Amino acid sequence: MILDIVTYPDLRLKQPCEPVAEVTDEIRRLAADMLETMYAAPGVGLAAPQVGRNIRMLVMDPAGKDEEKQPRVLINPVLELSGEDVVSELEGCLSVPLNYRADVTRKSRVLLKAMDLDGNSIAEELEGFPAIVVQHEADHLDGVLFIDRISRLRRTLYDSKVKKWLKRKNAA
């Protein structure tokens, strides 16, 4: 089932999420729905708060358009950032309206620790695009959007665009 995506400035996106205590059938169903929603959007990642659920779970698929799908479900992810600072060029987000994109500085490598849908522990190192995607999605679990990582000036300009857009949308 395709879920509604929560968009900025909804305050639910600013809330730190609660750990998943147990992998249940409800969690598995939510993960499947999140993957379906992510692919339909289309996107490369989606975190539970983006669909209105305040839990530490995300889905991602950093595969390119011409590559075979590589869906991942990560429960209670913990990231250890390393490597060099890299600029994630024109980063965007399904929860950030107006197709806004900006350059964001991220780390080139991530040691990922999480749990899968079978309750198994995951520990692996990610590099490049997958590392950037998991950093972006894990930020959501802490109530952080990529627009929180851009300059104050760019953020102010973006916020004023969103206010105008919301005014027009609500007037219609």
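Heads up: these notes are all about the structure in this document. (Residues numbered from 1 in each chain as written. Predicted model: local features only at pLDDT ≥ 70, side-chain atom pairs only at ≥ 80, totals over all residues. Heavy atoms only, no water.)

## What about the sheet that holds strand β4 (residues 102-115)?
Thought 1: Reading across from one edge, β1-β2-β3-β4-β5 is the order of the 5 strands in this open sheet, with antiparallel pairing throughout. Of all the strands in the sheet, the pair left with one neighbour each is β1 (45-47) and β5 (121-127). Averaged over all adjacent pairs, the angle separating strand axes in this sheet is 30°, with direction ignored.
Thought 2: Bridge count for strand β3 (residues 72-91) against β4 is 11 bridges, and the pairing is antiparallel. Bridge pairing links Val 86 to Arg 106 in β4.
Thought 3: Contacts from helix α2 (residues 128-141) reach β1, β2 (57-60), β3, β4 and β5, with the element oriented near 85° to β4. (Pairing = 2+ DSSP bridges. Helix = DSSP H or I, 4+ residues; strand = E, 2+ residues; numbered from the N terminus. Axes fitted to C-alpha atoms, helices over the stretch in contact; angles between N-to-C directions. Contact = heavy atoms within 4.5 Å.)

## Considering the side chain of Asp 116
Thought 1: Mapped onto the elements, Asp 116 comes out in the loop between β4 and β5.
Thought 2: Although Asp 116 is buried, it forms no salt bridge, and the closest oppositely charged side chain is Arg 28 at an N-O distance of 7.7 Å.
Thought 3: Within polar-contact distance, the side chain of Asp 116 engages the backbone nitrogen of Asp 118 at 2.8 Å.
Thought 4: Within the local environment of Asp 116, its side chain forms a polar contact with the backbone nitrogen of Asn 120, the two atoms lying 2.9 Å apart.
Thought 5: Not counting residues up to four positions away in its chain, the partners in contact with Asp 116 are Val 23, Val 73, Ile 75 and Ile 122. (Buried < 20%, exposed > 50% of the residue type's maximum accessible area, 1.4 Å probe, protein only. Lys, Arg positive; Asp, Glu negative; His and termini not counted. Salt bridge = Lys/Arg side-chain N within 4 Å of Asp/Glu carboxyl O. Polar contact = N/O pair within 3.5 Å; in protein donor to acceptor, adjacent residues only side chain to side chain.)

## Details of the environment of Leu 35
Thought 1: By the element assignment, Leu 35 lies in helix α1 (residues 25-40).
Thought 2: On the basis of relative accessibility, which here comes to 15%, the residue Leu 35 falls in the buried class.
Thought 3: Along the sequence, Leu 35 and Met 60 sit 25 residues apart, while their C-alpha atoms lie 7.6 Å from each other.
Thought 4: Those residues in contact with Leu 35 that lie beyond four places of it in its chain are Val 59, Pro 71, Arg 72 and Val 73.

## Topic: the nonpolar core
Thought 1: In terms of nonpolar packing, the biggest core is built from 18 residues, with Met 34, Met 57 and Ile 75 touching the most fellow members.
Thought 2: With residues near it in sequence (within four places) discarded, Ile 75 still touches Val 20, Val 23, Ile 27, Arg 56, Met 57, Ala 114, Met 115, Asp 116 and Leu 117.
Thought 3: The next biggest cluster of nonpolar side chains, apart from the first, holds 15 residues, and it includes Cys 17, Leu 74, Val 110 and Ala 138. (Core = buried A, V, L, I, M, F, W, Y, C linked by side-chain atoms within 4.5 Å.)

## Considering the pattern of salt bridges
Thought 1: Applying the stated rule across the entire model yields 15 salt bridges.
Thought 2: As a salt-bridge pair, Lys 107 and Asp 85 come within 2.9 Å of each other at their nearest N and O atoms. Here Asp 85 lies in strand β3 and Lys 107 lies in strand β4, a separation of 22 residues in the sequence.
Thought 3: Owing to a relative accessible area of 26%, Lys 107 belongs among the partly exposed residues under this scheme.
Thought 4: Put simply, Arg 155 and Asp 148 hold a salt bridge, and the shortest N to O gap is 2.6 Å.
Thought 5: Under the relative-accessibility criterion, Asp 148 is labelled partly exposed at 30%.
Thought 6: Several salt bridges share partner residues, and in doing so they unite Lys 14, Asp 148, Arg 155 and Asp 159 into one network.

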